[in-house]
Amino acid sequence: PGEADQLRRAMAAWKRKGGLGPFHQRLVGRMVAKGYSSEFAERIFKQIQGFGEYGFPESHAASFALLVYVSAWLKCHHPDAFLAALLNSQPMGFYAPAQLVRDAREHGVTVLPVDVSRSAWASELEGQRLPLRDVRLGFDRISGFPEDAAQRLLAARAEAPFASAEDLARRAGLDARQLQLLAQADALKGLSGHRHQAAWAVAGVDTRATPLLRSTRTHEAVADLAAPAAADELLADYRSTGLSLATHPLALLRTQLAAFQVQTAAVLRGYPNGRLARASGLVTHRQRPETAKGVVFVTLEDETGAVNVIVWPQVVEAQRRPLLASTLLTVYGVWQC
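What counts, and where the lines are drawn
Residues numbered from 1 in each chain as written. Predicted model: local features only at pLDDT ≥ 70, side-chain atom pairs only at ≥ 80, totals over all residues. Heavy atoms only, no water. Salt bridge = Lys/Arg side-chain N within 4 Å of Asp/Glu carboxyl O. Helix = DSSP H or I, 4+ residues; strand = E, 2+ residues; numbered from the N terminus. Buried < 20%, exposed > 50% of the residue type's maximum accessible area, 1.4 Å probe, protein only. Pairing = 2+ DSSP bridges. Axes fitted to C-alpha atoms, helices over the stretch in contact; angles between N-to-C directions. Parallel < 35°, antiparallel > 145°, perpendicular 65-115°, else oblique. Left-handed = near helix turned anticlockwise from the far one by under 90°. Contact = heavy atoms within 4.5 Å. Core = buried A, V, L, I, M, F, W, Y, C linked by side-chain atoms within 4.5 Å. Patch = residues over 30% accessible without salt bridge, like charges linked within 9 Å, V, L, I, M, F, W, Y side chains within 5 Å. Areas by Shrake-Rupley, 256 points an atom, 1.4 Å probe, with all protein chains shown as cover. Nonpolar A, V, L, I, M, F, W, Y, C, P; charged D, E, K, R; others polar.

**Looking at the pattern of salt bridges**
Between side chains of opposite charge, pairing is possible as soon as their charged atoms come close.
Here comes step 1: Under the definition given, this model contains 16 salt bridges.
Here comes step 2: With a closest N to O distance of 2.8 Å, Glu106 and Arg102 form a salt bridge. Of this pair, Glu106 and Arg102 are both found in helix H5 (residues 97-106), four residues apart, which corresponds to roughly one turn of the helix.
Here comes step 3: Since its relative accessible area comes to 44%, Glu106 is described here as partly exposed.
Here comes step 4: For Arg102, a relative accessible area of 19% corresponds to the buried category.
Here comes step 5: One network of salt bridges, in which partners are shared, links Glu3, Arg26 and Arg30.

This is the structure in structure tokens:
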């Protein structure tokens, strides 16, 4: 049985001649020893060898094709449901939530932020606007926010809307850390205002206060804090939920990049084949397949789309550190299309 499994694995390896060379003597020799003619044994081996060359992709093609067809159909006709399903299946796949959301928005899907007055635990479709419904991000997008706290919040909200951050904390039984996570994710915007206001509001919440203490406290005017800058909002979004609905990081650098003639992905798509070009973006993927002979494939994302970069082995060796370590990368080379 062990040898049979090794043969099966070799056939599925999809290598030249199926990788069956080491099994020739065992298979043919033992068939001859059991009375089969050598000609018949060789013919059987060649049939197995032939299947090994195409059997793996052929046997998987139908199942892969069905998955691809169903996924492509859903993405084409129901990109709203497709996005919600992928977000609720994280962590998974090739694309991070930020890329999934960017692509869905490019295809007409409205994505709404986490909101203590509207969100569920998972991302859900919201409203009845056709042909596409809005996708509301769920509490599971907030890094570190526990599901049991979200369920208490949902149960309390079902009884009556929240009047304030303190009302939320008291009725849902949230501790200081959980309130901070909601404020950092901008999920309290409807109750307390922008992130700075929300952080100030939850910092003064004492869920242990007795009804008598709450009724006799001194009520001060709400502090009027300055709203965070765009860059601060962006960083807070990525730290909290791994994506931002406000803007893309590259949009904040576009003026500086334009001074170095760095083009956006949208502009590059209109370039003719063979033109020298510069591109810059967040590194979303790095791949170095064994069959690529040292070539590294990199995907860069800016505010208008993605750019695929082919890095030849000599460049990989010369610039290994920036290639492998950079979060933000600028490249210069020949545009191909």
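There's plenty left to go through after this.
**Regarding the pairing of strand E4 (residues 276-287)**
Here comes step 1: Pairing geometry for E4 and strand E7 (residues 328-334), over seven bridges, is antiparallel. Its bridge partner being in E7, Leu282 is matched across the sheet by Leu328.
Here comes step 2: In this structure, E4 lies alongside strand E5 (residues 296-302), joined through five bridges in antiparallel fashion. Among the inter-strand pairings, Gln287 is bridged to a residue of E5, identified as Phe297.

**Section: the pairing of E5**
Here comes step 1: With six of seven residues buried, E5 is to be regarded as a mostly interior element.
Here comes step 2: Relative to strand E6 (residues 305-311), E5 runs antiparallel, the two sharing seven bridges. Bridging from a neighbouring strand, Val298 pairs with Val309 of E6.

**Topic: the sheet that holds strand E1 (residues 111-112)**
Within a sheet, adjacent strands bond to each other through the backbone by hydrogen bonds, running parallel or antiparallel.
Here comes step 1: Strand order in the open sheet formed by three strands is E1-E3-E2, with mixed pairing between adjacent strands. Here the strands that pair on one side only, and so sit at the sheet edges, are E1 and strand E2 (124-126).
Here comes step 2: Strand direction decides the pairing type here: E2 and strand E3 (residues 134-136), joined by three bridges, are antiparallel. Within E3, the residue paired with Leu125 across the bridge is Val135.

**A look at the packing of helix H6 (residues 147-159) against helix H7 (residues 165-172)**
Here comes step 1: Where H6 contacts H7, the two axes come as close as 9 Å, and the packing angle between them is 110°. Put simply, H6 runs roughly perpendicular to H7. You can see that H6 and H7 cross each other, and the crossing is right-handed. Residues Arg152, Leu153, Ala156, Arg157 and Glu159 of H6 form the contact with H7, whose own contacting residues are Leu168, Arg171 and Ala172.

**Focus on the nonpolar core**
Here comes step 1: Grouped together as the largest cluster of nonpolar side chains are 42 residues, with contacts concentrated most on Leu83, Phe139, Ile142, Leu153, Leu168 and Leu182.
Here comes step 2: For this core, the elements supplying multiple residues, two or more each, are helix H4 (79-87), H5, H6, H7, helix H8 (176-184) and helix H10 (195-203).
Here comes step 3: For Leu182, the residues in contact, after removing those within four places along its chain, are Val116, Phe139, Ile142, Phe145, Leu153, Leu168, Leu174, Ala187 and Leu188.
Here comes step 4: With 16 residues, the next largest nonpolar core counts Val298, Leu300, Val311 and Val316 among its residues.

**Remarks on a nonpolar patch on the surface**
Here comes step 1: The grouping of Leu66, Tyr69, Val70, Trp73 and Leu74 at the surface amounts to a nonpolar patch, some 510 Å² of accessible area in total.
Here comes step 2: Among the secondary structure elements, Tyr69 is positioned in helix H3 (residues 38-77).

**Structural notes on the packing of H4 against H5**
Here comes step 1: Between H4 and H5, the least distance of the axes is 10 Å, while the angle of their chain directions is 175°. Compared by their axis directions, H4 and H5 come out roughly antiparallel. Here Leu83, Leu86 and Leu87 of H4 lie close against H5, whose contacting residues are Pro97, Leu100, Val101 and Ala104.
Here comes step 2: Among the residues forming the contact of H4 with H5, the class breakdown is seven nonpolar, no polar and no charged.

**As for H4**
Here comes step 1: Among the nine residues that make up H4, seven are buried, leaving the element largely enclosed by the rest of the structure.
Here comes step 2: Every buried residue belonging to H4 is among Pro79, Asp80, Phe82, Leu83, Ala84, Leu86 and Leu87, and all of these are buried.

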